[in-house]
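Descriptive analysis of the structure
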Amino acid sequence: MAVSVAPRLPLLPVLLVLAVAAAPAAAEVRQSPLYTVTPEGGSINITCSVRVSGTLLGVHLRQSHLPEMRKVTYYDDESTPTVDARFRGRVVFSGTMDNLTITMQRLRPEDSGAYFCEAIAEDGQGWGAGTTLVVTDTLSPEASACLGTQLTGFTFPVALALGCLLVVLGLAAMCVLKRRQIRNMCPARERSTAGVIYEDMSCSRRNTISIANHYQ
């Protein structure tokens, strides 16, 4: 059974980011998505769109981690992007510096957390609204196969018991119907027997004066 791993979001770094975002920023940063859930081994695309009045020097992606904002990646047009050792070999960059998409692959439960885009400009910096990532655990193939076997072993006896129950109910219903039919037929036979009048048509009674039949 898959178990969700709730992200640890230290309050102090988040408040610091919100305070910086509330102040007049030298760079306007739009970040998406705001929230996503993915299974272990999946991937996420975080997009940082930046608008500055001056020159954009670079874009950081940072992870909220007490007591600091941990650097995940740094990208600019003049040098080779840098990636933290925890994510090395699992990050791909696409787009331009002012509209950068950072793809994080082969995610692990410990990667859960809040990620923020930070734009560095000549006259200051700007922060994105953040992306909350939740990476859920997945079962191993052996555990999945074992669970499937258990479910199959449990389902067959239940289906067999239900089938037997339905057969018994069907037979009981047929017995009730047959009994009702027999009961309905018996009064009809009694009524038909009481109403029959037998007349002696033998030769010895041909000259006998007939008596009126009061039952007709």
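Structure shown above.
Notes on the structure follow. Please read these numbers as outputs of a predicted model, since none were measured by experiment.

Within this structure, the stated rule accounts for 4 salt bridges. A salt bridge links E118 to R62, with the shortest nitrogen-to-oxygen separation between them at 2.5 Å. Note that E118 is positioned in strand β9 (residues 113-121) and R62 in strand β4 (residues 56-65), a separation of 56 residues in sequence. For E118, a relative accessible area of 5% corresponds to the buried category.

Of the consecutive residues S32 and P33, the connecting peptide bond is found in the cis state with omega at -5°. For P33, the position within the fold is in the loop between β1 (27-32) and β2 (35-39). A positive phi angle, close to 45°, is found at R106, a residue other than glycine. With respect to the helices and strands, the residue R106 is situated in the loop between β8 (99-104) and β9.

This part takes up the sheet that holds β1. Strands sit in the order β1-β3-β8-β7 across an open sheet of 4 strands; the sheet is antiparallel. Strands at the two margins of the open sheet, each flanked by one partner only, are β1 and β7 (91-96). Ignoring which end each strand starts from, the neighbouring axes of this sheet average 20° apart. Pairing of β7 with β8, which is carried by 6 bridges, proceeds in the antiparallel orientation. Bridging across to β8, F93 finds its partner in I102.

Burial along β1 is one-sided: the residues A27, V29 and Q31 are buried and none of E28, R30 and S32 is. Summarising the sheet, β1 and strand β3 (residues 44-52) pair through 6 bridges and their orientation is antiparallel. In the sheet register, E28 faces β3, and the bridge partner there is R51.

Moving on: the state of the cysteines. Evaluated as defined, the whole model comprises 1 disulfide. What pairs with C48 in a disulfide is C117, and their sulfur atoms sit 1.8 Å apart. Disulfide C48-C117: torsion about the S-S bond near -60°, hence left-handed. Taken together, the residues C48 in strand β3 and C117 in strand β9 connect sequence positions 69 residues apart.

So, on to the packing of aromatic side chains. Inspection of every chain in the model, using the stated rule, returns 2 aromatic pairs. Summarising the aromatic geometry, the rings of F87 and Y115 are spaced 6.4 Å apart at their centres and angled 80° between planes, so their arrangement reads as edge-to-face. Taken together, the residues span a long stretch of sequence, with F87 in the loop between β6 (82-83) and β7 and Y115 in strand β9 at a distance of 28 residues.

Parameters and conventions
Residues numbered from 1 in each chain as written. Predicted model: local features only at pLDDT ≥ 70, side-chain atom pairs only at ≥ 80, totals over all residues. Heavy atoms only, no water. Salt bridge = Lys/Arg side-chain N within 4 Å of Asp/Glu carboxyl O. Helix = DSSP H or I, 4+ residues; strand = E, 2+ residues; numbered from the N terminus. Buried < 20%, exposed > 50% of the residue type's maximum accessible area, 1.4 Å probe, protein only. Pairing = 2+ DSSP bridges. Axes fitted to C-alpha atoms, helices over the stretch in contact; angles between N-to-C directions. Disulfide = S-S within 2.5 Å. Phe/Tyr/Trp six-rings, centres within 6.5 Å; stacked < 30°, edge-to-face > 60°.

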